[in-house]
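Below are the chains, spelled out letter by letter.
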Amino acid sequence: MATVAAVIASTHHPFYYRASTSAGPERPPFADEWVAKIEAFRQTLTRAEPDVLVMVGSDHFHQLWLDNMPQFLVGKAPFFDANWYNEEREFGLPRMRLAGQEDLAGYLLREGLDSGFDLAFSNELRIDHSVTCPIITLRPQADLPIVPVYTNIFAPPLPRPGRFVELGRALRRMVEAWPSDQRVAIIGTGHLSLELGGPRQFGPHGPDPEFDRKAVEWIANGDIDGCLAEVTLDSLHTPGNATHGFMDFMLMMGAAGDGAKADYTDSLDLFHTMEAYFTWYPNGATS
Amino acid sequence: MSKYLLDKFLYTVDRDPALVERYRSDPAGTVAWWEQDMANTLLNCVAAEKSTWLAFTDEERRALIGHDHVALFGLGAHPFLTLTLFIAMFERDHGPLEYQLAYGRAMSHITMPYPDIAT
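Remember, it's a predicted structure, so these values are computed and weren't measured experimentally. Per chain, the residues get numbers from 1 upward, laid out in the order the sequence is written. To label them, take the chains in the order written and letter them from A, then take the ligands in the order written and number them from 1. Since the coordinates come from a predicted model, pLDDT governs what is reported: local features require at least 70, and pairs of side-chain atoms require 80 or more to be given and counted, while whole-chain, interface and lining totals use all residues.

**Section: the overall build of chain B**
The cut-off we apply is this: For the purposes of this entry, the term helix denotes a DSSP run of H or I that reaches at least four residues, the term strand denotes a run of E that reaches at least two, and both are numbered from the N terminus. As defined in this context, the radius of gyration uses C-alpha atoms, and a globule is described by 2.2 Å times the residue total to the power 0.38.
Helix and strand counts for chain B stand at 7 helices and 0 strands. Overall, chain B shows an N-to-C arrangement of helices and strands of α-α-α-α-α-α-α. Expected size for 119 residues packed as a compact globule is a radius of gyration near 14 Å; at 15 Å, chain B falls within 12% of this value. Seen through its principal axes, chain B has C-alpha atoms that stretch 45 × 30 × 25 Å.

Listed below in structure tokens is the structure:
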């Protein structure tokens, strides 16, 4: 059976690529500290020696649209082109192409359908920065095949937080049951408190530092019950109008396991939103 | 109310570099053309398979023609779509982050709960 080599949860900040590659007066003052934190975080994936990456993210109205909106979708294709014109335009993100792992994608679809998750699928998916940001931060050589898993945190009606946790648990179970000797890292990205297009956007910190503090604690301690007791679809409006992206972190808490304390936790208070990085080694680190 | 159609306008314009420029320089002409020719286009179908029922309200048309992001927010347009497109059109006229901060300040009178964005 396959091994879950690591479970990794992270924010996906589209400005990291530009901040980390800029020089001279263009380079923001926080770039060096940010790069140092990302390089330390990257080591946590490198140490896990993965063969394949399950990448949980959320399409930002790029390919998935309101005329045909899936709640949870698995990409099953030999390749995934990546990043979109408006992400090049606003964030300076590069065009990329990643290989797909179709055997695992097919397995997750079959097993997911058979265990109560009516997963949608795509055989031609152009992925966006919710998946490419963690590739850029955690595996910039982009040399491993992926299985993208998209969630809807964007276009209401959304699945409830508990459903994200359940899907995370199911992904973990399914990967562990995959008849393969591959080492799989399950990586997912979301947000802490975040406001986009509203009055609280682009402040000196995230819009709700108190929520961020609690969220980091829930995640780092694997406190799924505590998190579910406070977080609802309604409550997530309060910390910021884009905070429903936190449910992808909740999915990753499900994948990491109830009460599973993160083996690695870090965060960085930036303008606009707080960055947060977590790694679990369910089977211990290899080196 | 046709929040879906507002979102469809923002979405289809934002993803097309030529349309971004056209909407920036000629909002009234772009909105009129779009409503006439594009509003009822099914995005993943051949041109002949059109819808027949989509149209803006006067208020929605005015908000789009006025490049009025505050009014669009009030009408329940998806804030991510509005922000992304408006940054593409207007950030270039300002210093770093200046436009984004002014965009938020223009909405400082808005309190929770925000308008519902469900379509």
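**Observations regarding unusual backbone geometry**
Where the residue is not glycine, phi is negative for most of them; where a peptide bond is considered, it is trans in most cases. Here is the rule we go by: Counting other C-beta atoms within 10 Å of a residue's C-beta gives its exposure: the residue is buried at 20 or more, exposed at 12 or fewer, and partly exposed in between, where C-beta atoms are placed from the backbone.
A cis geometry characterises the amide bond from Pro-156 of chain A onward to Pro-157 of chain A, with omega recorded as 10°. Here Pro-157 of chain A is to be found in the loop between strand E7 (146-151) and helix H6 (161-177). Here the residue pair Met-112 of chain B and Pro-113 of chain B is connected by a cis peptide bond, since its omega of -10° sits within 30 degrees of zero. Summarising the element assignment, Pro-113 of chain B is placed in the segment after helix H7 (98-105). Its identity as a non-glycine residue notwithstanding, Phe-202 of chain A has a phi of 55°, on the positive side. Its place among the elements puts Phe-202 of chain A in the loop between strand E8 (183-190) and helix H7 (209-221). Phe-202 of chain A sits in the partly exposed class, given 17 other C-beta atoms within 10 Å.

**Some thoughts on the interface of chain A and chain B**
Note the following rule: Working definition of a contact: two residues with C-beta atoms, positioned from the backbone, lying within 7 Å. All residues other than Ala, Val, Leu, Ile, Met, Phe, Trp, Tyr, Cys, Pro, Asp, Glu, Lys and Arg, Gly among them, are scored as polar; the first ten of these are nonpolar and the last four charged.
Across the contact, 22 residues belong to chain A and 29 residues belong to chain B. A class-by-class count of the residues in the side of chain A that touches chain B yields 10 nonpolar, 8 polar and 4 charged.

**A short note on the pairing of E8 of chain A**
All names here are of chain A. Defined as follows: A pair of strands is labelled paired if DSSP reports no fewer than 2 bridges between them.
In terms of burial, E8 is a largely internal element, 7 of the 8 residues being buried. Here 5 bridges tie strand E2 (residues 52-57) to E8, and the two strands are oriented parallel to one another. Bridge assignment links Met-55 to a residue of E8, and that residue is Ile-187.

**Topic: the nonpolar core**
Residue and element names in this part refer to chain A. The cut-off we apply is this: Take the buried Ala, Val, Leu, Ile, Met, Phe, Trp, Tyr and Cys residues, join any whose C-beta atoms are within 7 Å, and the set you get is a nonpolar core.
One finds Val-54, Ala-185, Ile-186 and Ile-219 to be the most contacted residues of the largest nonpolar core, which totals 111 residues. Here this core gets 9 residues from one element, more than from any other, and that element is helix H9 (residues 246-256). Other than its neighbours up to four places away in sequence, Ile-219 contacts Ala-9, Phe-249, Met-253, Ala-262 and Phe-278.

**A word on the packing of H6 of chain A against H9 of chain A**
Residue and element names in this part refer to chain A. Rules: Note on method: axes are straight lines fitted to C-alpha atoms, helices fitted across the in-contact stretch only, with angles between N-to-C directions ranging 0 to 180 degrees. Oblique is the label for every angle not falling under 35 degrees (roughly parallel), over 145 degrees (roughly antiparallel), or within 65 to 115 degrees (roughly perpendicular). Note: crossing handedness is left-handed where the near helix turns anticlockwise from the far helix by less than a right angle, and right-handed where it turns clockwise.
The interhelical angle for the contact between H6 and H9, taken along N-to-C directions, is 40°, at an axis separation of 6 Å. If you check the angle between H6 and H9, you find them oblique. Between H6 and H9 lies a crossing whose hand is right-handed. For the pair H6 and H9, the contacting residues are Pro-161, Phe-164, Val-165, Glu-166, Leu-167, Gly-168, Arg-169, Leu-171 and Arg-172 in the first and Met-247, Asp-248, Met-250, Leu-251, Met-252, Met-253, Gly-254 and Ala-255 in the second.

**Quick notes on the confidence of the model for chain B**
Parts of the model with low pLDDT should not have their predicted coordinates read in detail. We count it as follows: Residue-level confidence of the predictor is what pLDDT reports, using numbers from 0 through 100.
Across chain B, pLDDT averages 97, with 99% of residues at or above 70. Interface scoring of the predicted complex returns ipTM 0.96; its pTM is 0.97.

**Side note on the sheet that holds E7 of chain A**
All names here are of chain A. Strand order in the open sheet formed by 8 strands is E6-E3-E7-E2-E8-E1-E10-E9, with mixed pairing between adjacent strands. The two strands at the open ends of the sheet, each matched to only one other strand, are strand E6 (120-122) and strand E9 (264-269). Put simply, the sheet's adjacent strands are angled 15° from each other on average, direction ignored. Bridge count for strand E3 (residues 72-75) against E7 is 3 bridges, and the pairing is antiparallel. By the bridge assignment, Leu-73 is partnered in E7 with Tyr-150. Set on the sheet, helix H4 (residues 102-114) makes contact with E2, E3, E6 and E7; between it and E3 the angle comes to about 150°. Together, strand E1 (3-11), E2, E3, E7 and E8 form the strand contacts of H6, whose direction differs from that of E8 by roughly 165°.

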